[in-house]
Amino acid sequence: MNSPLTPSWCAIVATMHSTLPPWSEWLRAANRSEGTIRLRVYHVTRYLNSLPPGTDPLALDSLAQHLANTAWSATYRRSIRTSLRLWTTWLHRTGKISSDPFINLPTSISPHALPRPCPDAAVRSALTRSTTRVQAMIQLAAGAGLRRAEIARIHRDDITPDLLGHSLLVHGKGRRERCVPLSEPVYDALARQLHDLPPGTLWLFPSIGRHADTHLQPIRIGELVNDALPGTWTTHSLRHRFATAAYRDSRDLLLVQNLLGHSKPETTAMYIGLDTSSSHGLVRNIQIAA
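Residues take numbers from 1 onward in each chain, read along the sequence in its written order. In keeping with the predicted nature of the model, local features appear solely for residues at pLDDT of at least 70, side-chain atom pairs appear and are counted solely at 80 or more, and the whole-chain, interface and lining totals rest on all residues. With hydrogens and water set aside, each side-chain value is computed from the structure's full complement of heavy atoms.

**Q** Sorry, what's going on with the overall build of the protein chain here?
**A** When its secondary structure is counted, the protein chain shows 14 helices and 3 strands. Exposure classes here rest on a 1.4 Å probe applied to the protein chains alone. A residue is buried below 20% of its type maximum, exposed above 50%, and partly exposed in between. Out of the 290 residues belonging to the protein chain, those deemed buried represent 40%. Throughout, a residue-residue contact means that at least one pair of heavy atoms, one from each residue, lies within 4.5 Å. A separation threshold of at least 6 residues defines the contact pool for the protein chain, and within that pool the share at least 24 residues apart is 60%. Note that accessible areas follow from Shrake-Rupley with a 1.4 Å probe, and for residues the cover is restricted to the protein chains shown. Within the structure as shown, the protein chain displays about 16,700 Å² of accessible surface, and the carbon and sulfur contribution to it stands at 58%. Strands here mean DSSP runs of E at least two residues long; helices mean DSSP runs of H or I at least four residues long; both are numbered from the N terminus.

**Q** I'm lost on the environment of Thr-235 in this one. Help?
**A** Here Thr-235 lies in helix α11 (residues 235-250). On the basis of relative accessible area, Thr-235 is assigned to the buried category, the value being 6%.

**Q** Got a minute to help me understand the pattern of salt bridges in this structure?
**A** Pairing between side chains of opposite charge can happen when their charged atoms approach one another. Here, a salt bridge means any side-chain nitrogen of Lys or Arg that lies within 4 Å of a carboxyl oxygen of Asp or Glu. All told, the structure shown has 7 salt bridges when counted by the stated rule. Taking the shortest distance from any N to any O, the salt bridge between Glu-25 and Arg-28 comes out at 2.3 Å. A residue pair is termed a helical-turn pair when its members lie 3 or 4 positions apart in one helix, as Glu-25 and Arg-28 do in helix α2 (residues 20-29) at 3 residues. In this structure Glu-25 comes out as partly exposed when scored by relative accessible area, which is 47%. Given a relative accessible area of 31%, Arg-28 falls into the partly exposed group. With its nearest N and O atoms 2.9 Å apart, the salt bridge here joins Arg-178 to Glu-150. Remark: Glu-150 occurs in helix α8 (residues 148-152) and Arg-178 occurs in strand β3 (residues 177-182); sequence separation between them is 28 residues. Residue Arg-178 is classed as buried on the basis of its relative accessible area, which comes to 10%.

**Q** Teacher, can you tell me more about α2 here?
**A** Think of an α-helix as turning once every 3.6 residues; residues three or four places apart then point the same way. All of the buried residues along α2 are Leu-20, Trp-23, Ser-24 and Leu-27. One face of α2 carries all of its buried residues, which in axial projection span an arc of 105 degrees. In α2, the exposed positions angled more than 90 degrees off the buried face are occupied by Pro-21 and Ala-29. Phi turns positive one or two residues past the end of α2, at Asn-31, with a value near 65 degrees. The directions from the helix axis to the C-beta atoms form the arc being described.

**Q** Explanation requested: helix α12 (residues 253-260) in the structure shown.
**A** Buried within α12 we find Val-256, Gln-257, Leu-259 and Leu-260. Relative to the axis of α12, the buried residues are bounded by an arc of 165 degrees and lie together on one face. In the core, the buried residues of α12 are packed alongside α7 (132-144), β3, α11 and α13 (265-269). We define a polar contact as two N or O atoms separated by no more than 3.5 Å, with the added condition that, inside protein, one atom must be a possible hydrogen donor and the other a possible acceptor, whereas residues neighbouring each other in sequence contribute only through side-chain atom pairs. N-cap assignment for α12: the residue whose side-chain oxygen lies 3.2 Å from the backbone N of Leu-254 is Asp-252. Positioned one or two residues after α12, Gly-261 has a phi angle of 80 degrees, which is positive.

**Q** Looking at this structure, how should I read the packing of helix α6 (residues 120-128) against α7?
**A** A packed helix pair is summarised by two numbers, namely the angle formed by the two axes and the spacing between the axes. The geometry of α6 relative to α7 is characterised by a closest axis approach of 9 Å and an angle of 160 degrees between their N-to-C directions. As the angle between them shows, α6 and α7 are arranged roughly antiparallel. Crossing of α6 against α7: the hand is left-handed. Residues Val-123, Ala-126 and Leu-127 of α6 pack against Gln-135, Ile-138, Gln-139 and Ala-142 of α7. Helix axes are fitted to C-alpha atoms over the stretch in contact, other axes to C-alpha atoms as well, and angles between N-to-C directions run from 0 to 180 degrees. Under this scheme an angle from 65 to 115 degrees is roughly perpendicular, one under 35 degrees roughly parallel, and one over 145 degrees roughly antiparallel; angles in between are oblique. Take the far helix as your reference; a near helix turned counterclockwise from it by less than a right angle gives a left-handed crossing, and one turned clockwise gives a right-handed crossing.

**Q** Looking at this structure, I do not really get the packing of α2 against helix α5 (residues 74-93). What am I missing?
**A** Direction vectors running N to C along α2 and α5 enclose 100 degrees, while the axes themselves pass 11 Å from each other. In this view, α2 runs roughly perpendicular relative to α5, as classed from their interaxial angle. Across from Leu-20, Pro-22, Trp-23, Trp-26 and Leu-27 in α2, the residues of α5 making contact are Ser-83, Leu-86, Trp-87, Trp-90 and Arg-93. Considering only residue class, the contact of α2 with α5 consists of 8 nonpolar, 1 polar and 1 charged. Three classes are used, and their members are as follows: Ala, Val, Leu, Ile, Met, Phe, Trp, Tyr, Cys and Pro are nonpolar, Asp, Glu, Lys and Arg are charged, and the others, Gly among them, are polar.

**Q** Looking at this model, I keep getting lost on the side chain of Ser-79. Mind explaining?
**A** With respect to the helices and strands, Ser-79 occurs in helix α5. A residue is classified by how much of its surface remains accessible, and Ser-79, at 19% relative accessible area, is buried. Excluding its chain neighbours within four sequence positions, the residues that come into contact with Ser-79 are Leu-39, Arg-40 and His-43.

Have a look at this one:
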């Protein structure tokens, strides 16, 4: 009987790793963005590297045990599940495995996540104690609703004048682009950031050092903004803040959906917090009968 570290087991794992480059090409052919491809490949690579010696990478129990990690949030688990499912589906469709093990995994239940809009007091506090660069990042998330990956990819030419002021071309998820109007505070923050950049710099938030010809990575954007925000508020809570404020002022879910770059209105609804002014007024008017 083979021991866990015999060449046969090592060869199986090595074979699984070797499927990742051609799988990446399959994702690329499906017009997935390079950022999405890197994320999917990272998830599968991490799974393969986490397997105990002797474990079958395609066994139902191996996949289920990996996805049962209690330290993960429901959103993060869903993302990893999607990556593994896309990978095993490709393996099956291309004849590399005889059956897809994901068919027998239980259906994932998506919990209803409550919106968590960052309060304005926290935004003002973060802006007060931040550098020009981080101020621009905060304004883009809180005042224009951008994701951290969208903030990272802003090119100076993406900021353009329009009939009423300025707009920003946003490079969103899944290669979907949208145009977002910029309020004066947001545009002024971007103008200050552009003014501080060396001449000829293409990216609004360029990387520093040996990767200076590219932009900051989204994870770094998140770290900088999270560090500036008080308490447990995050970059994503600023996007919730934008969605809540935009819907409160417009009562137009489709408009807010388009501004956020969501493909479904149900997703947008999950970002919109309760109108606390209306709810407090309503509750105060509910009296207990004498």
